[in-house]
Amino acid sequence: MTAAGRTLVIGANGQVGSSLLSQLGSSGVGISRNDADFSNQVDLVRAFDAAGPVQAVINAAAYNNVDRAESEREEAFRINAELPGWIAEWAAARAVPFVHYSTEYVFPDGNGVTWRESDNPAPVNTYGESKLAGERAVQRVDGNSVVIRTSWVYRAGKSNFVQRVLELAALGNPLTMVSDQVGSPTDAADLARATLALLQSTSRGEAMNNQILHLAGSGSVNRAEFSRAIIEAGVHAGVIRSAVPVIETSTSAQTAAARRPTNCVLDCSKARVLGIELTPWQEALTRAVQEMRV
Ligand SMILES: NC(=O)c1ccc[n+]([C@@H]2O[C@H](COP(=O)([O-])OP(=O)(O)OC[C@H]3O[C@@H](n4cnc5c(N)ncnc54)[C@H](OP(=O)(O)O)[C@@H]3O)[C@@H](O)[C@H]2O)c1
């Protein structure tokens, strides 16, 4: 990246936002809900302008509560669809590259296929619908942007699936987990590193062309198997004292407010062609769990 300014990170306190900012150091500047009203475009522009010269913008803010989005549809669309469009407009007006994150939940059940960027999205829940509307709001703006779709994100010290499994396992009771939801666990630090590498290549003149890019941890696993791997890593790292059994169930047997797609794996080969690949999920998990506490 050029030395013309700092990288603006929106959603500063989230898993990916905080990972980006810790890697950017003094070349990053974070904006959180404490700095601006994310539902007010004028307030947002004021906060962005106050950040000083900016060379790139990354939006890591999102309404991520998949179940609650069903009853808070308006709020989910405000943060996941309207906000990214405003940020894209701000970045385009200043001719700075813009990275926005989306999700594998823009797709329905994969039924054994891995989803490519060119596949047609068809979300099965409000969260997925709102994220898809956000992708489209970003792509409608004539700027230099990329939408990175990722999945199953975790980071030590934050609330996420890995942390929840460790906390439940620490209680010593068996866990019940679905075995038909398959995905690619993604370490937020790994994703942040890849995002910054992508921006580096943009500064060398490779435009991002308003494209979509799939970027998730390498490999895939179902929730039950992932839980077993988390527990094993937790025992090995001394985070929990002993392993507990994981009992398998299916998505159809669960009662959640939002429907979740089964077998929803992103094909990340397009990113690999650009020289960007995330760590195999097992390796990233082992590393991250060492920093976790229950
Ligand atoms: N977590 C996952 O498993 C997952 C899976 C697929 C895709 N993604 C995508 O990856 C990106 C990063 O996710 P993440 O896991 O880092 O998210 P996260 O930890 O949940 O952080 C999201 C941040 O968004 C802001 N935010 C959330 N709700 C808000 C609201 N109602 N009003 C205003 N701001 C709000 C907050 O920023 P401040 O605290 O800084 O104010 C929050 O820290 C998102 O686009 C997400 O959709 C995540």
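What counts, and at which threshold
Each chain has its residues counted from 1, running along the sequence as written. Predicted model: local features are reported for residues with pLDDT of at least 70 only, side-chain atom pairs are reported and counted for 80 or more only, and whole-chain, interface and lining totals are derived from all residues. Only hydrogens and water are set aside; all other atoms, that is, all heavy atoms of the structure, feed into the side-chain values. In these notes, a set of buried Ala, Val, Leu, Ile, Met, Phe, Trp, Tyr and Cys residues joined through side-chain atoms within 4.5 Å is what counts as a nonpolar core. Think of it in three bands: residues with accessible area under 20% of the maximum for their type are buried, residues over 50% are exposed, and the middle band is partly exposed, with areas taken using a 1.4 Å probe on protein chains only. Note on conventions: DSSP H or I runs of at least 4 residues are helices, E runs of at least 2 residues are strands, and numbering of each starts at the N terminus. Only heavy atoms matter for contacts: two residues are in contact if any of them lie within 4.5 Å across the pair. We count a salt bridge whenever a side-chain nitrogen from Lys or Arg sits within 4 Å of a carboxyl oxygen from Asp or Glu. Pairs of cysteine sulfur atoms within 2.5 Å are identified as disulfides in what follows. Throughout, an axis means a line fitted to C-alpha atoms (over the contacting stretch in the case of helices), and angles, computed between N-to-C directions, take values from 0 to 180 degrees. Just so you know how the angles are binned, under 35 degrees is roughly parallel, over 145 roughly antiparallel, 65 to 115 roughly perpendicular, and the rest oblique. When the near helix sits turned anticlockwise from the far one by under a right angle, the crossing is termed left-handed; a clockwise turn instead gives a right-handed crossing. By the convention adopted, Pro, Cys, Tyr, Trp, Phe, Met, Ile, Leu, Val and Ala count as nonpolar, Lys, Arg, Asp and Glu as charged, and the other residues, Gly among them, as polar. Expected span of a helix, by definition, is 1.5 Å for each gap between consecutive residues, and there is one gap fewer than residues. Any residue with at least one heavy atom within 4 Å of a molecule or strand is counted as near it. Note on areas: Shrake-Rupley with a 1.4 Å probe; residue coverage comes only from the protein chains shown. A pair of aromatic rings is counted whenever rings of Phe, Tyr or Trp (Trp by its six-membered ring) have centres within 6.5 Å, and the orientation is called stacked for planes under 30 degrees apart, edge-to-face for over 60 and tilted otherwise. Working rule: Lys NZ or Arg CZ, within 6 Å of ring centre, within 35 degrees of ring normal, means a charge sits over the ring.

J.: Residue-level account of the nonpolar core, with values.
T.: Membership of the largest hydrophobic core comes to 33 residues, with the highest contact counts inside it found for Leu 8, Ile 10, Phe 38, Leu 44, Phe 48, Val 57 and Ile 87. Secondary structure elements with two or more residues in this core: β1 (6-10), β2 (28-31), α2 (41-49), β3 (54-59), α3 (73-93) and α4 (126-140). In terms of residues, this core owes the most to one element, α3, which gives eight residues. Excluding anything up to four places from it in sequence, Leu 44 contacts Ala 36, Asp 37, Phe 38, Leu 83, Trp 86 and Ile 87. Judged by nonpolar contacts, the second largest core, of 27 residues, contains Ala 156, Phe 226, Val 239 and Trp 281.

J.: Let's hear about the pattern of salt bridges: which residues, and what values?
T.: Where charged atoms of side chains with opposite charge meet at close range, the side chains can pair. All chains considered together, the criterion is met by 13 salt bridges. Arg 193 serves as the salt-bridge partner of Asp 190, at 3.8 Å between the closest nitrogen and oxygen. In this pair, Asp 190 and Arg 193 both sit in helix α6 (residues 188-203), three residues apart, roughly one turn of the helix. Residue class for Arg 193 comes out partly exposed when judged on its relative accessible area of 41%. Across the pair Arg 272 and Glu 277 runs a salt bridge whose closest N-O atoms are separated by 3.8 Å.

J.: Before we move on, can you summarise the state of the cysteines with the specific residues and values?
T.: Throughout the structure, instances matching the rule amount to zero disulfides. The structure places no disulfide on Cys 264, whose sulfur is separated from the nearest cysteine sulfur, that of Cys 268, by 12 Å. Given a relative accessible area of 2%, Cys 264 falls into the buried group. Overall, the relative accessible area of 12% leaves Cys 268 in the buried class.

J.: Which residues make up the packing of helix α7 (residues 223-236) against helix α9 (residues 281-289), and what are the values?
T.: Direction vectors running N to C along α7 and α9 enclose 40°, while the axes themselves pass 9 Å from each other. With respect to their mutual orientation, α7 and α9 come out oblique. The two elements α7 and α9 cross, and the hand of that crossing is right-handed. Of the residues in α9, those in contact with Phe 226, Ala 229, Ile 230, Ala 233 and Gly 234 of α7 are Trp 281, Leu 285 and Val 289. Looking at side-chain class alone, the contact of α7 with α9 contains seven nonpolar, one polar and no charged residues.

J.: With reference to specific residues and values, describe α4.
T.: Here α4 contains 15 residues, and its C-alpha end-to-end distance of 21 Å stays within 8% of the 21 Å for a straight helix at 1.5 Å per residue. For α4, the set of buried residues is Thr 126, Tyr 127, Gly 128, Ser 130, Lys 131, Leu 132, Gly 134, Glu 135, Ala 137 and Val 138.

J.: If you had to explain the site of the ligand to someone new, which residues and values would you point to?
T.: By nearness alone, 25 residues border the ligand, and Asn 13, Val 16, Arg 33, Asn 64 and Lys 131 come closest of all. Look at the ligand: alone it shows 900 Å² of surface, and the protein chains cover 84% of it. Of all the elements, strand β4 (residues 98-103) adds the most residues to the shell around the ligand, at three residues. Broken down by class, the residue content of the shell around the ligand amounts to 11 nonpolar, 10 polar and four charged.

J.: Describe the packing of aromatic side chains, with residues and values.
T.: Following the criterion strictly, the structure yields six aromatic pairs and no others. Residues Phe 107 and Trp 115 carry aromatic rings whose centres are separated by 4.5 Å and whose planes lie at 0° to one another, so their mutual orientation is stacked. An identical accessibility class is assigned to Phe 107 and Trp 115; each is buried. Taken together, Trp 152, Phe 161, Phe 226 and Trp 281 form an aromatic cluster joined through their ring pairs. The lysine or arginine in question, Arg 223, covers the ring of Trp 152, its NZ or CZ lying 3.8 Å from the ring centre.

J.: An account of helix α1 (residues 15-24) is requested, with residue identities and associated values reported.
T.: Most of α1 sits inside the fold, with eight of its 10 residues counted as buried. Of all the residues in α1, the buried ones are Gln 15, Val 16, Gly 17, Ser 18, Ser 19, Leu 20, Leu 21 and Leu 24. Looking at the residues trailing α1, positive phi occurs at Gly 25, about 55°.

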